[in-house]
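What follows is the residue order along each chain.
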Number of protein chains: 2
Amino acid sequence: MEKFVYLFSEAKEVNAKILGCKGKNLAEMYSLGIPVPPGFIITTNACEFFFKNEEKFEKEIESQIFEAINNLEKITGKCFCSSGKTKNTEPLLVSVRSGAKVSMPGMMDTILNLGINDKAAERLLDITGKREFVQDSYLRFIQMFSDVVMKISRSDFLNILGNFKEKIKKYKDIYKNKTGKDFCEEPFEQLFEAIKAIFRSWNNPRAKIYRKTNNIPDAGGTAVTVQAMVFGNFGENSGTGVAFSRNPITGEKEIFGEYLSNAQGEDIVAGIRTPVHIKDLKNQSFSIWNKLKKTSEFLEFYFKDMQDMEFTIENGKFYMLQTRKGKRSAEAAIKIALDMVSEKLIDEEEAVKRVEPNQISSLLHPDFEKKEIEKSRLIAKGLPAAPGAAVGRVVFDTEKALEWASQGQDVILVKNETSPEDIEGMQISKGILTSCGGMTSHAAVIARGMGKCCVVGCGDIKVLKDHFETNSNKVLEGDYISVEGSTGKVYLGKIKKNHSKFSENLNKFLKLADSKRKILVLANADRASDVKKALDYGAEGIGLCRTEHMFFESERINFMREMIIAPTKSEREAALEKLLKFQINDFKEIFKEIPNKSVVIRLLDPPLHEFLPKNKKDMLKIALDLKISTEDIKELTSKLSEVNPMMGHRGCRLLISYPEIIRMQTKAIILSAIETKFSNLEIMIPLIGDVKELKFIKEIIVKTADEIISSYNFNINYKIGTMIEIPRAAIIAGKIAKEVDFFSFGTNDLTQMTFGLSRDDSQKFLKCYYENGIYNSDPFTHIDREGVGELMKIAIKLGKNANPSLKVGVCGEHGGDSESIEFFTKLGVDYISCSPFRVPAARLQGAVCEIKNLFFE
Amino acid sequence: MEKFVYLFSEAKEVNAKILGCKGKNLAEMYSLGIPVPPGFIITTNACEFFFKNEEKFEKEIESQIFEAINNLEKITGKCFCSSGKTKNTEPLLVSVRSGAKVSMPGMMDTILNLGINDKAAERLLDITGKREFVQDSYLRFIQMFSDVVMKISRSDFLNILGNFKEKIKKYKDIYKNKTGKDFCEEPFEQLFEAIKAIFRSWNNPRAKIYRKTNNIPDAGGTAVTVQAMVFGNFGENSGTGVAFSRNPITGEKEIFGEYLSNAQGEDIVAGIRTPVHIKDLKNQSFSIWNKLKKTSEFLEFYFKDMQDMEFTIENGKFYMLQTRKGKRSAEAAIKIALDMVSEKLIDEEEAVKRVEPNQISSLLHPDFEKKEIEKSRLIAKGLPAAPGAAVGRVVFDTEKALEWASQGQDVILVKNETSPEDIEGMQISKGILTSCGGMTSHAAVIARGMGKCCVVGCGDIKVLKDHFETNSNKVLEGDYISVEGSTGKVYLGKIKKNHSKFSENLNKFLKLADSKRKILVLANADRASDVKKALDYGAEGIGLCRTEHMFFESERINFMREMIIAPTKSEREAALEKLLKFQINDFKEIFKEIPNKSVVIRLLDPPLHEFLPKNKKDMLKIALDLKISTEDIKELTSKLSEVNPMMGHRGCRLLISYPEIIRMQTKAIILSAIETKFSNLEIMIPLIGDVKELKFIKEIIVKTADEIISSYNFNINYKIGTMIEIPRAAIIAGKIAKEVDFFSFGTNDLTQMTFGLSRDDSQKFLKCYYENGIYNSDPFTHIDREGVGELMKIAIKLGKNANPSLKVGVCGEHGGDSESIEFFTKLGVDYISCSPFRVPAARLQGAVCEIKNLFFE
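The following paragraphs examine the structure supplied in this document.

Reading guide: rules and limits
Residues numbered from 1 in each chain as written. Chains lettered and ligands numbered in written order. Predicted model: local features only at pLDDT ≥ 70, side-chain atom pairs only at ≥ 80, totals over all residues. Heavy atoms only, no water. Pairing = 2+ DSSP bridges. Helix = DSSP H or I, 4+ residues; strand = E, 2+ residues; numbered from the N terminus. Axes fitted to C-alpha atoms, helices over the stretch in contact; angles between N-to-C directions. Contact = heavy atoms within 4.5 Å. Salt bridge = Lys/Arg side-chain N within 4 Å of Asp/Glu carboxyl O. Buried < 20%, exposed > 50% of the residue type's maximum accessible area, 1.4 Å probe, protein only. Right-handed = clockwise from strand over helix to strand, strands pointing away. Phe/Tyr/Trp six-rings, centres within 6.5 Å; stacked < 30°, edge-to-face > 60°.

A few points about the sheet that holds strand 30 (residues 807-810) of chain A
In a beta sheet, neighbouring strands pair by backbone hydrogen bonds and run either parallel or antiparallel.
Residues and elements named next belong to chain A.
Here's step 1: The 8 strands are arranged 24-25-26-27-28-29-30-31 in a closed barrel whose pairing can be described as parallel. The sheet shows a mean angle of 25° between the axes of neighbouring strands, taken without regard to direction.
Here's step 2: Of the strands in this sheet, strand 27 (681-685) and strand 28 (719-724) touch helix 28 (residues 691-710), which is tilted by about 145° from strand 27.

See below:
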């Protein structure tokens, strides 16, 4: 018979998948001799069994739980106050907590003080003489049980007055009112109901969203830890705390955390009472402080990572309730990783893996411009819980946040305290501001994990239903505020932002990562200013310089329109001639910015009709400018409009129709390169589907370029490459590869066409796909490995076979996505190119993938 | 040194690729002892050399030609009248003709009587005493040389009066006027210029169009045959004729052709003089007739095919000038193939290969309805040159024909005679009518080859610039006429047509083909009437029954619109319930029509917005009908409109969004099948890209169907299949195959997405692709083997590996295209499904491919 229940003492060799992360770590601490209240773990397998069995318990599981409680009674010398039992021992109360393989803080449920009933309460009172303690424990339990098992809102229990007995009675009456049943007095029944409810909480909406957001699979289920209670609410000599072994915001090597005396653990996380700084504990009890410090150091040494710990002090005795890998800000992650290398706790490879590439971007979050800050009105200051700078409209609930965000509005979620129900709202908000709670409150922990700007415990503000107040201001829903996460400051109105520079640590860390990385990280940049930014962020070249932007700007678009309207080749050439000087100028500026690295320039890609005016006013203006009738413009626009523009007259198709564009662009590129003595040119042809298209265009490029080059005394070894963005191109990649120096996968279009899925149109029905589990993620965000990926694999194989010196890159949106980069590394892609902002994360991810040694199966 | 010139006597072992078809057959006849004027062939390699060498001759080629003429002079005892030579022998005149590997009748140029000049003419006159013959020969030569070499229009030589010397002088003056040079008197110079011109004629526009139309590659070039002249214009005892060894219109076993006395060959083909029937030759000279008959029989036996022959009689002596495989009408092709099997000339397999699948469809060309004919006014009657019935507007030139046809108009090309310049116009006309020319004139031969209705030699009409006249009628450009190719009758106005039944021979022939075929031929049919037609044409089942048409018809579309507008699922279901009875009715009618064969029904495919009104008037009507505001309709329409509808919310995506459609359609299908006791059901799901989409829909189909089936006492073993029309589906075909019974490739959409090419938008730029040789053909007409084909290959391999009992078919437009069918056979496709009209051709093509034993490499 399968073992579904493990005592801590039995669990040392069992893995976290079975025990859950929390259970596993408790068992581990137990075996290390760290003071942990005794208990046992019901496995994730039991949870899976429960779901398969129509949410019923196997008899076998029940009997293993009975046995485990029996054991617990023996170890503690305490006893469940079942109605049958008449032993006069001290009552056994237990905590019942969830704990999946991957920690999901606050997502699932916990019940404390289980086992209490009238009889137990009476005995406890007899033994301890602490009425307040017993009442607090009992009321808490009724409330938690009602909430977790019966879904009775906690607010139903607010403002109940009376003496001990009256309050208990009123609480139980509320329970009976809501459920139609008497409150359950039998400890085992309480326990079984609690376990089932916790199993079920695996599938509550916020847990699902959390898993989706964090890419945690929906299979697996949660384990349940049942542990003898130790009471932080036992009086002034008791308390509870949360501590990190290093500062999770800055990464400093110091114990960081909070402590509440005479309280149970949930009080800190929930943010109801604002706790004191952990260092104050040192003054209160040096011996406890010392125990905590020693335990913290030991656990960090043992687990080789920064720990997030919960502890409780019962009547002066120190207990550890939990330890786990601590969440940390990106800044802290970097500092800790670097420090641990210096401390020889971990090696360089491990350090690189310790920072989530996605976190890196949060370090590039803009700061407010100093000058702008000076002009702005500071209205409040709270705790700086997560760095960054956010500007947005004030909202007071998740619903509104979602609604406004879906309309493209930036919002800042303002609450007294956040709770797990707010996860979605936090996700889409630019920043979070709470009036209560400390640095380890729900809002603070979650926001740091999300890399989201967050200010908590901002007592300066009073949050009401549709506005918040400070001493001198009233801020309504919809008003703009600006929040600075690194200082805790809140300003009225919008403040302009600028890009922050890399910190010294980030630079050091990314250099370390670079030393482990093989895949090249280039950037997409169309303008000199973007090129500069890309280089600042560590790009090793420009992997995609789109030239169409050069045609859209103010006075140029008219020449472009002239070209489109021109009825003959020579008139088109005349219009293009006017564009030539602009292009030359643009390219020269770019080349000057990046003298020693390569630049991939893509020839004109979009359909012509994009250059035509869309509304009447613009049409009129253009008709006047170009001296033709608006009728003609209308006719032309309608002639150029397409049923499926995505698959229409664009890219190389346009270039083949109007080879004079190829000649003009080649001329501009080559002349600017010669003038700036730039020689790392790569010219890229878009939308190739057939090798003959490529040959046609290549011939014109080569002829045009070589004619110019031969008349100057500067040699340019320009390369020619092609986008692989049409499924057919991937299939005939062998033929194409013989004609080019490089491939660049345009994974956006390749995804659209491989799926037959228009990016512009699919959002409205993809929601239904997610709901039904048909797609797990948006294929435009994470590369589809099975379909698009397989095509890429085919193309790379054919391409490199046909041309062993072929370079292969990716320049679609996926080039900056960590999950996709992992796959590209497996495929043997030589470079990725992403927007400058995503370059640092990509540098890290490239290194992580190399270290994970994920080679192509 | 390569041999570029072969005497007939040297050429026996050399192939037609080198000698051209005409030259090869002449050499063959020569070696068989058939009387052929002596000559030699300049090879196609010489032609290719010429083009590679900037249209100049190699010295080597020139010297080989000199030597060959030398030889010819020896054989004939005649001699080129070069200015240098002073021999007093009879002048050698030669014909210079083109002749490529594949015969292209009338497409390239011919020059007769070359070698004539003033001196030769004088001697000929001395020797023959026939002034008229010499004059005719000389003038013809000047005209032909001017035309072919110097591009001087033949019409420039019309109506020149004078005596012999005056006329010659005037002709030469015209030449000098146009070219600035004296007419060339030197035979060798004449010869070299003529050969070059004929080489060049390989690339004249009409030859190019002919090759494109007939899928002949542009590489290869033409050979040139130089042959001693025999003179059909030598007097009354001379003449020239064209004969087929069997009747090319009906296939009857009889000599068929025409004869003109005292004429040269071109006179017949050009249709300038109307010749006499070949049988009249029997009366004129039985011995000549007998020689022709014997030769014809022998050549047919030797070549195992019907022959198209040219012969000339010079002063009572019979010469063969050409033999080749004869073009024939579809009807004749079938009769000849069947007869030759009976005659044991060829076997069944060969017989099947003898009919072009594309020709078959011409046999299905509609006839005029008898009743309608009786009511119509017969205005003229000509020779029934090619069967069929055509209705269209009269046009008098190719330009107008192209213009009107491009606007979607049906046109009938009416001319005195057609010439090679009219090929394009004939191609797009519905029918051809000429006033001159016989059954072997240009118009007749070409139209038969095209399977196009044609009436020639219609002396009842007089064709003028912008109208034609009969005795009592004047028909203007743009007027409708109706032309009956099988009777030669021309009617005024439009006559209604009906589909012709299969002839007995066609039936017999297709049954023969069926016995050789393995691939199944199914039809696409959405309505009971189409199903009937498909079965009449021999379809072995329905491979695609689209259900969307069932939603578009008058009163139904309103229910469909109700469904789209319905805000809730239950309201949608109510609207669908109203559609259910229509669907049941439609399916029942279909099933009744086809009790014993299978029907593949595809669930709803098009995007919802196609059901919404497009213009204001319709919007208003619908608003009234559905009792909502036009504003709402507008809003909905704009909400449903898509940027790229091709890749939008359609097919299985729609079904997943509205599963109630799946349930309704399944219910309709299963209930109708039960009521009609139909059990060969196959349900097909469109636009699948991921196996989870398929599973989602399949589950609903199975649940719905099985619930209904289990409540009735009739068992239906319905099958479930999927379209493979999205590139991704092909790539993950292994997974998909495990869930389905069959794949049906939707090659239209698969082509669109594999190429990233919108069918609706591509026509405007594909022209440029053809001109630049980037595409050879429209990928929507002939399957793209390299790209789309490769994806199909991948899908079939993965699919059949994963599910060995998987059936694989094609239901796109390509299913009816011969070239594509050949490829599908190679791929191991189990069935093709095409429109009913294309079924007979597909049956034949399936057999041909099987015989050609084209198995998958």
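Read on, since the account is not over.
Looking at the pattern of salt bridges
Residues and elements named next belong to chain A.
Here's step 1: On inspection of all chains with the given rule, the structure shows 120 salt bridges over all chains.
Here's step 2: Put simply, Asp-586 and Arg-556 hold a salt bridge, and the shortest N to O gap is 2.5 Å. Here the residue Asp-586 occupies a position in helix 23 (residues 569-593), and Arg-556 occupies one in helix 22 (residues 554-565), the gap between them amounting to 30 residues.
Here's step 3: With relative accessibility at 9%, the residue Arg-556 sits in the buried group.
Here's step 4: Because the salt bridges share partners, they merge into one network encompassing Asp-305, Arg-328, Glu-350, Lys-353 and Arg-354.

Quick word on the sheet that holds strand 5 (residues 222-228) of chain A
Residues and elements named next belong to chain A.
Here's step 1: What the 5 strands build is an open sheet, ordered 1-2-5-3-4; its pairing is antiparallel. The open sheet terminates on both sides in strands that have one partner only, identified here as strand 1 (5-7) and strand 4 (110-114). When the angles between neighbouring strand axes are averaged without regard to direction, this sheet yields 20°.
Here's step 2: Here strand 1 pairs with strand 2 (residues 39-42) via 3 bridges, running antiparallel.

As for the pairing of strand 30 of chain A
Residues and elements named next belong to chain A.
Here's step 1: Summarising the sheet, strand 29 (residues 742-745) and strand 30 pair through 4 bridges and their orientation is parallel. Bridge pairing in strand 30 places Phe-745 opposite Val-810.
Here's step 2: Where strand 30 meets strand 31 (residues 831-834), 2 bridges bridge the pair, whose relative direction is parallel. Within strand 31, the residue paired with Gly-809 across the bridge is Tyr-831.
Here's step 3: Handedness of the strand 30-helix 34 (residues 818-827)-strand 31 crossover: right-handed.

Regarding the packing of aromatic side chains
Residue and element names in this part refer to chain A.
Here's step 1: Considering all chains together, one arrives at 70 aromatic pairs over all chains under this definition.
Here's step 2: Measuring from centroid to centroid gives 6.5 Å for Phe-145 and Tyr-175, while their planes differ by 40°, and the two rings are tilted. Separated by 30 residues along the polypeptide, Phe-145 in helix 5 (residues 131-150) and Tyr-175 in helix 6 (residues 164-179) bring together distant segments of the chain. Each of the two residues, Phe-145 as well as Tyr-175, counts as buried.
Here's step 3: Taking 5.5 Å as the distance between ring centres and 5° as the angle between the ring planes, the aromatic pair formed by Phe-502 and Tyr-537 counts as stacked. Separated by 35 residues along the polypeptide, Phe-502 in the loop between strand 23 (497-498) and helix 19 (504-516) and Tyr-537 in the loop between helix 20 (528-536) and strand 25 (542-546) bring together distant segments of the chain.

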